[in-house]
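Each chain is listed here by its residues.
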Amino acid sequence: MSANPYLNGSDYLMLGFDHELRRHGFAGNSCQIVLELGAAISPAALQKRLVTLGERYPILRARLGGLIRPQWKLPSGEASAPQVRIHRERPGLSQSLCNEPLATKRGELVRFDLVECESGRMNIVFTWAHALMDAPGAEHFLALVGREELPPVPWPSPSPVRAQLNLIERCRLAWKNLNQIDQFGRTAPRSLGIRNGNATAFLQYHVEKFSRDETARVRANALRLCGVLGMAQFHAAAALLELHQLHQRLGCHTPSYILPVPVGLRPKGAVEPIFSNQLAIIMTQFLPEHLGSMASAVTALKDQTVQALRTGLIESSRLLGDLFRFLPLPIYMSILKRGLGGEICSLFYGETAAVNPLLTFFLGVPIEDFIHVAAVTPSPGLGVIFYFFRNELRLTILHLTATLTEAEAFEFGIKLRQRLLTS
């Protein structure tokens, strides 16, 4: 394939977050999926499969380029395969791998770490650059790696077809998004900030797991408050209420809270394109009076979502990202933060829904558990990812050590768990 694919607006936004994280000394905007396997796989078999996929998808070892419009520079010769590393299980290894940066400037966009456990089991830690693909794309790619036979998948992956707009109309729609952020800035949020100044630039996480019975209770609560299609709204409202309570406990009062809600842009049931971020962002703002109860938080979120749909703010978000691809990353990020007084958001919120059903076996070995991990920027320094593995709810609580202690983040996760079960 001779053409070098361009980054879309969402890709460039993820690259902007990578710039922001590395600027503050963190590993960058990398994400991880951890697979817990019932037995060990052959590292040689995995490496062989990655060689095959590297030939099929040269973008796996591409480098970022383009002075005016960013694009993936595909390798001119034979593409090398992503590296596979082997580790012995030890305390803190998963956190350490999460904080090891990818060498993206040298074309390292994905990496596999195999962790051999004393019991004979194995964990696979798959790390990828968020600018390359989103969580659904990464899940599907990981399923391709682990399948016995590779299905025919077209390359390059097509982007969804959208109505063509002239430049003036694009700018008009994109301006609506910036105008909304400026309006939010009139009651600007204040995140928890750097509270542990001596802490190293380190991301930590832990996972809250729900049984099937507990998951059914959470779903019943969501149905009662939010309706049939309101599971994500229920999760977001619960996270916001616990964020508000956390601010109160720590004495970090803020005039408002900003929650960016990601919206998937893929057609329902589609997995293509794999190597691309297919999402837009709905920006929502909550005042403390909206967070007195789950009912009031859900109402505020629903009202803003309906308003975003009526006024075209989803398409506005996508167009803003597309137009900003022509700006240098430092300028791009400064514009995004300007309207909110230097903040990006009050909580990183991810909702990846049900894990790809193809992730049942990996190279013939049963997958027994699944974990999603993502990076969070210094503001807010705290995030939650919601997902379902085999009909069981999982929460990954993410925090920066400079923002929260491990005990504070653990308490936040426990209280969020209880709210989901009892609201």
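Residues numbered from 1 in each chain as written. Predicted model: local features only at pLDDT ≥ 70, side-chain atom pairs only at ≥ 80, totals over all residues. Heavy atoms only, no water.

1. Overview of the overall build of the protein
- Looking only at helices and strands, the protein has eleven helices and 14 strands in total.
- Over its C-alpha atoms the protein spans a radius of gyration of 21 Å, differing by no more than 12% from the 22 Å that the globule rule assigns to 423 residues.
- Projected onto its principal axes, the C-alpha coordinates of the protein cover approximately 55 × 55 × 45 Å.
- Counting the 423 residues in the protein, one finds 56% classified as buried. (Helix = DSSP H or I, 4+ residues; strand = E, 2+ residues; numbered from the N terminus. Rg over C-alpha atoms; globule rule 2.2 N^0.38 Å. Buried < 20%, exposed > 50% of the residue type's maximum accessible area, 1.4 Å probe, protein only.)

2. Overview of the state of the cysteines
- Scanning the entire structure with this criterion turns up zero disulfides.
- You can see C98 has no disulfide; the closest cysteine sulfur is in C31, sitting 9.1 Å from it.
- Look at C98 and you get buried, because its relative accessible area is 13%.
- Free of any disulfide, C252 has its nearest cysteine sulfur in C345, 16 Å distant. (Disulfide = S-S within 2.5 Å.)

3. Details of the pairing of strand β14 (residues 392–400)
- Counted residue by residue, β14 has eight buried out of nine residues, so it is predominantly covered.
- Examined bridge by bridge, strand β7 (residues 203–209) and β14 share seven bridges and lie antiparallel to one another. Bridge pairing links E208 to L395 in β14.
- Both strand β13 (residues 382–389) and β14 contribute to a ladder of eight bridges, which runs antiparallel. (Pairing = 2+ DSSP bridges.)

4. Details of the packing of helix α1 (residues 9–23) against helix α10 (residues 329–338)
- Closest axis-to-axis distance for the α1/α10 pair is 9 Å, and the angle between their directions is 90°. Taken together, the axes of α1 and α10 lie roughly perpendicular to each other. Contact residues: G9, Y12, L13, L15, G16, F17, H19, E20 and R23 in α1; L329, P330, Y332, M333, L336 and K337 in α10.
- Its residues assigned to classes, the contact of α1 with α10 comprises nine nonpolar, three polar and three charged. (Axes fitted to C-alpha atoms, helices over the stretch in contact; angles between N-to-C directions. Parallel < 35°, antiparallel > 145°, perpendicular 65-115°, else oblique. Contact = heavy atoms within 4.5 Å. Nonpolar A, V, L, I, M, F, W, Y, C, P; charged D, E, K, R; others polar.)

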